[in-house]
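Here is how the chains run, residue by residue.
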Amino acid sequence: MELLDKIYNSGVVGVGGAGFPTHIKLNCQVEYLIINSAECEPLLEVDKYLMRQRSNQIIIAIEKMAESVKAEHMIIALKSKYKEEIKSLQNAIDDLKSNVKIHTFENFYPAGDEQVMVYEVTKRVIPAGGIPLDVGVVVNNVATVVNIYDAINDNPVVDKYLTVVGEVKEPKFLKAPIGLAVSEALKYCGGVVREDYKIILGGPMMGKIIDKEDAKTTYITKTLGSLIVIPADHYMVKRKLKPITQIINQARTACIQCKMCTDMCPRNLMGHQLRPHKIMRAMGAGVKNKDTLMEALICSECGVCELYACPMGLSPRLVNAFIKNELRNNGVRYDRKPLNEVNQLREYRKVPVSRLISRLDLNIYKDTKLGEIENIKAQKVYIPLSQHIGKPASPVVKVGDIVEKGQLIGKIELGTLGANIHASISGKVCEVGEYIAIMKDSEVNQ
Ligand code: SF4
Ligand code: SF4
């Protein structure tokens, strides 16, 4: 069977972003296949774990992917500080006599942004509003590559590797079945050590914050890579959960137009016409200049402007996200503009991760030691039928059916944007809706 068919059958999606279906992404021909292994958000550790533990499988899968997309260059891109991981991968490359190359760069944020990474590796700039394919490149996350290896061996995506850090008794790596409640995952780490807390789903810069009460009804998905438990009054909570009306009022009253947000913006530095200071000025003044507001559509929401650059504690990123949402709801699309030159100061304006961690007030968690991976055996899972970009999968099971781990439970027609969904535990289907709930037989019979 063709590689793309295997990937489609196994429901593989990009784990490093919004969950773009991988069988569609890899249906192309390119010059460069880049494996994004930067793990650029602070405190995340799963990709490094996979590079140490599954290096041979990663190289085997990359070779198959490169054959499929006819890539001349196969490149693993990661930070030079990942010494152990580089050694493991290089050993695997040597053992397998592979032509995969390793490309390293310093420890800056957002090194893992697809557009930044493509420039770092190839010195080609993706047009604003474009994708890597526009410059002959396809990028996949290293954890997606591990899922592709499993797909080659007919093992669908049913588990998720997670980093769990912060205010838990035992910070850990977990291998959790998809659909496990976040609250259950925290119990496997000895529980939370304080009364009032919130949870960041994903990395501290781009992740979403949820209340502890929501942890029982929030479930592990194919794209979730970490849980960071922080005090309810933590700096990150105050910054990320401001209401938009307050943010816009602050843009009006406190933005000093210093332009630091624009000067530090990684997309602006690569020549994209994205000027958050102008967007802030337009919003603050209530001037809805279409050309200026359209620039928000090319914001990656990396958070550098908001959590690192702005001396006034303002939130250009959240303003951009708000505008983006409004424009998209009105069907507005970005009209591509010519690129500016790459800024000559770009190298000096990269954000060092150590300073970023200090700004985010996360130093206390940065040297957390995580042991070996713990395999979670769940009693009940709620598996969302939509964990990806595109259409939700259609259920192919009904309440009362007995399913085996790995069995197809939600299907997407071949050629439709979406991904198949599989049972992450064996048991009985007890609900079918937006989620498919499966309970272990032992629990059903109690
Ligand atoms: S950095 Fe802050 S104060 Fe300066 S222009 Fe941007 S939003 Fe305004
Ligand atoms: S979040 Fe801010 S720094 Fe990041 S791309 Fe958007 S405007 Fe630029």
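Our subject is the structure listed above.
Since we're looking at a predicted model, the values are computed, not measured.

I keep staring at the overall build of the chain and nothing clicks. Help me out?
Counting its regular elements, the chain contains 18 helices and 19 strands. Taken over the C-alpha trace, the chain has a radius of gyration of 22 Å; the compact-globule value for 446 residues is 22 Å, and the two agree within 12%. Viewed in the frame of its principal axes, the chain has a C-alpha envelope of about 65 × 55 × 45 Å. Counting only residues that meet the buried cut, the chain has 55% of its 446 residues in that class. A sequence separation of at least 24 residues applies to 73% of the contacts in the chain between residues at least 6 apart. Summed over its atoms, the accessible surface of the chain is roughly 19,500 Å², and 47% of this surface lies on carbon and sulfur atoms. Taken together, the 59 basic and 51 acidic charged side chains of the chain have centroids lying 4 Å from each other.

Please explain the pattern of salt bridges as it appears in this structure.
Between side chains of opposite charge, pairing is possible as soon as their charged atoms come close. If you walk through the whole model with that rule in mind, you get 27 salt bridges. In this structure, lysine 259 engages aspartate 263 in a salt bridge whose closest nitrogen and oxygen atoms are separated by 2.9 Å. Ionic contacts of the salt-bridge type, sharing partners, join the residues Glu106, Glu120, Arg346, Glu347 and Lys350 into one network.

Explanation requested: the nonpolar core in the structure shown.
Generally speaking, soluble globular proteins have nonpolar side chains that are buried together. Formed by 122 residues in total, the largest nonpolar core has its most connected members in Ile34, Ile62, Ile148, Ile199, Leu227, Ile409 and Ile438. A total of 8 residues in this core trace back to one element, the largest contributor, which is helix H7 (residues 142-152). If you look at the next biggest cluster of nonpolar residues, it comprises 22 residues, including Leu274, Leu293, Leu297 and Leu327.

I'm lost on the pairing of strand E19 (residues 435-439) in this one. Help?
Regular strands show a simple pattern: their side chains alternate between the two faces of the sheet. The buried fraction of E19 amounts to 4 of the 5 residues, a majority that puts the element mostly inside the structure. Two strands pair when backbone bridges link them, and strand E13 (residues 380-384) and E19 are joined in this way by 5 bridges, in the antiparallel orientation. Bridge pairing in E19 links valine 381 to isoleucine 438. What sits between strand E18 (residues 427-432) and E19 in their antiparallel hairpin is a turn of 2 residues.

Analysis parameters
- Numbers given for residues are sequential positions, taken from 1 along each chain in its written order.
- Throughout, the order in which chains and ligands are written sets their labels, letters from A for the former and numbers from 1 for the latter.
- In keeping with the predicted nature of the model, local features appear solely for residues at pLDDT of at least 70, side-chain atom pairs appear and are counted solely at 80 or more, and the whole-chain, interface and lining totals rest on all residues.
- Side-chain numbers come from the whole structure's heavy atoms, not from hydrogens or water.
- Segments assigned H or I by DSSP are reported as helices when at least four residues long, segments assigned E as strands when at least two residues long, and all are numbered from the N terminus.
- C-alpha atoms define the radius of gyration in this analysis, and the globule rule sets the expected value at 2.2 Å times the number of residues to the power 0.38.
- A simple rule labels every residue: compare its accessible area, found with a 1.4 Å probe on the protein chains alone, to the largest value its type can have, and call it buried under 20%, exposed over 50%, or partly exposed in between.
- Whether two residues touch is decided by their heavy atoms; if any such pair falls within 4.5 Å, the residues are in contact.
- Each accessible area value is a Shrake-Rupley result obtained with a 1.4 Å probe; residue values ignore everything except the protein chains displayed when judging cover.
- Positive charge is attributed to Lys and Arg, negative charge to Asp and Glu, and no charge count is given to His or to the chain ends.
- Where a charge sits is defined by one atom per residue type, namely NZ (Lys), CZ (Arg), CG (Asp) or CD (Glu).
- Salt bridge, as used here: a side-chain nitrogen of Lys or Arg that lies within 4 Å of a carboxyl oxygen of Asp or Glu.
- Throughout this description, the term nonpolar core refers to a set of buried Ala, Val, Leu, Ile, Met, Phe, Trp, Tyr and Cys residues connected via side-chain atoms within 4.5 Å.
- A strand pair is defined by DSSP finding two or more bridges across the two strands.

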